[in-house]
Amino acid sequence: MKFNREFLKVYFIAGTQDIKKGTLEDILEEALKSGITMYQFREKGPSALTGEAKKEKAIQLKALCHQYNVPFIVNDDVSLAIEIDADGVHVGQDDLKVEQFYSKLANKIIGLSVGSFEEYDQSDLTHVDYIGVGPVYATSSKDDAKTPGGVALIRRMREYDPEIPIVAIGGITEENVTSIIKNGADGIATISSITHSQNIEDSVSRYLENFNSYHK
């Protein structure tokens with residue numbers, strides 16, 4: 001699937017460990033119906049699925065995404081992304097380097113986490129479609145999250161590279177999304193503001209409205 005920066009607008013990330021009530025499939029389907037633009041399967045932590053169970057879950061979720069023509073991205077697990085023919089993969093600075101696997105994911109979407117200018121400078125972005133920049137705000141969804149950089153991190157990264165597609169991540173809410181958009185992000189990536197939402201349709205709609213009204 002060819003990358004389009006519009007995919008980044010409302011980028012939902014979740015694994016089974018993020019679901020406190022209901023199932024991941026049900027929450028993802030509701031989010032898809034509500035208009036999310038991309039989904040990342042991020043299975044992390046002590047309760048995370050592994051092996052065949054993880055593969056089966058990924059195949060189910062990919063099929064669900066494709067019913068709504070939404071790209072399905074695998075977090076970190078490059079071999080799984082290749083095996084199930086995912087639409088792409090997202091890796092962090094401590095994961096497999098993009099240059100080690102990009103040839104096996106031709107025409108797929110490749111995302112890379114970048115938390116600082118040092119990380120940006122040391123990253124080979126030749127085959128990277130977008131960067132995930134953050135954390136912008138404090139987040140409880142990632143145990144290993146770094147110190148938040150605030151919207152200034154987004155603004156400075158946009159000034160540093162005016163062209164690269166940027167998705168902001170970390171503590172994003174409906175209340176702070178406007179300033180993130182104004183400071184140069186192409187989209188927001190969120191876990192808990194959707195998985196913990198009392199009304200997913202409302203939450204996703206408000207994110208989309210913010211982007212659409214700003215880019216009129």
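Now for a look at the structure at hand. Remember, it's a predicted structure, so these values are computed and weren't measured experimentally.

**Focus on the pattern of salt bridges**
Counted by the stated rule, this structure contains 9 salt bridges. As a salt-bridge pair, D85 and K108 come within 2.5 Å of each other at their nearest N and O atoms. Placement of D85 in the loop between α3 (78-83) and β4 (88-91) and of K108 in the loop between α4 (98-101) and β5 (109-114) is noted, with a sequence separation of 23 residues between them. With a closest N to O distance of 2.3 Å, E174 and R206 form a salt bridge. You can see E174 sitting in the loop between β7 (166-169) and α7 (177-182) and its partner R206 sitting in helix α9 (residues 200-214), a full 32 residues away along the chain. Connected through salt bridges with shared partners, the residues R5, R158 and D186 form a single ionic network.

**Re the packing of helix α1 (residues 24-34) against helix α2 (residues 51-67)**
Where α1 meets α2, the closest approach of the two axes is 10 Å, and the angle between their N-to-C directions is 20°. Our classification of the angle between α1 and α2 gives roughly parallel. Judged by the sense of rotation from one axis to the other, the crossing of α1 with α2 is right-handed. Packed against α1, whose contacting residues are L24, E25, L28, E29 and L32, the element α2 presents K57, Q60, L61, L64, C65 and Q67 at the interface. Looking at the contact of α1 with α2 residue by residue, the class counts come to 6 nonpolar, 2 polar and 3 charged.

**Let's talk about the nonpolar core**
One broad rule of soluble globular proteins: the nonpolar side chains tend to lie buried together. Core analysis: the largest hydrophobic core is formed by 58 residues, its most contacted members being F12, L28, I36, Y39, F72 and I131. With residues near it in sequence (within four places) discarded, Y39 still touches Y11, F12, I13, A14, L24, L28, L61, C65, V70, P71, F72 and I73. F3, F7, Y11 and I191 belong to the second-largest nonpolar core, a separate cluster that totals 12 residues.

Reading the values: the criteria
Here the residue index of a chain counts from 1 through its sequence in written order. The model is predicted, so local features are restricted to residues of pLDDT at least 70 and side-chain atom pairs to those at 80 or more, both for listing and for counting; the totals for chains, interfaces and linings are taken over all residues. The basis for every side-chain value is the complete set of non-hydrogen atoms in the structure, without hydrogens or water. Throughout this description, the term salt bridge denotes a Lys or Arg side-chain nitrogen within 4 Å of a carboxyl oxygen of Asp or Glu. Runs of H or I in DSSP of at least four residues are treated as helices and runs of E of at least two as strands, each being numbered from the N terminus. What counts as an axis is a line fitted to C-alpha atoms, over the stretch in contact for a helix, and the angles between N-to-C directions run from 0 to 180 degrees. The labels follow the angle: roughly parallel below 35 degrees, roughly antiparallel above 145, roughly perpendicular from 65 to 115, and oblique for the rest. Take the far helix as the reference: if the near one is turned anticlockwise from it by less than a right angle, the crossing is left-handed, and if turned clockwise, right-handed. Only heavy atoms enter the contact rule, under which two residues are in contact if any of them lie within 4.5 Å. Polarity classes work like this: nonpolar for Ala, Val, Leu, Ile, Met, Phe, Trp, Tyr, Cys and Pro, charged for Asp, Glu, Lys and Arg, and polar for all others, with Gly in that last group. Side-chain atoms within 4.5 Å are what join buried Ala, Val, Leu, Ile, Met, Phe, Trp, Tyr and Cys residues into a set we call a nonpolar core. Relative accessible area decides the class of each residue, using a 1.4 Å probe on protein chains only: under 20% of the type maximum gives buried, over 50% gives exposed, and in between gives partly exposed.

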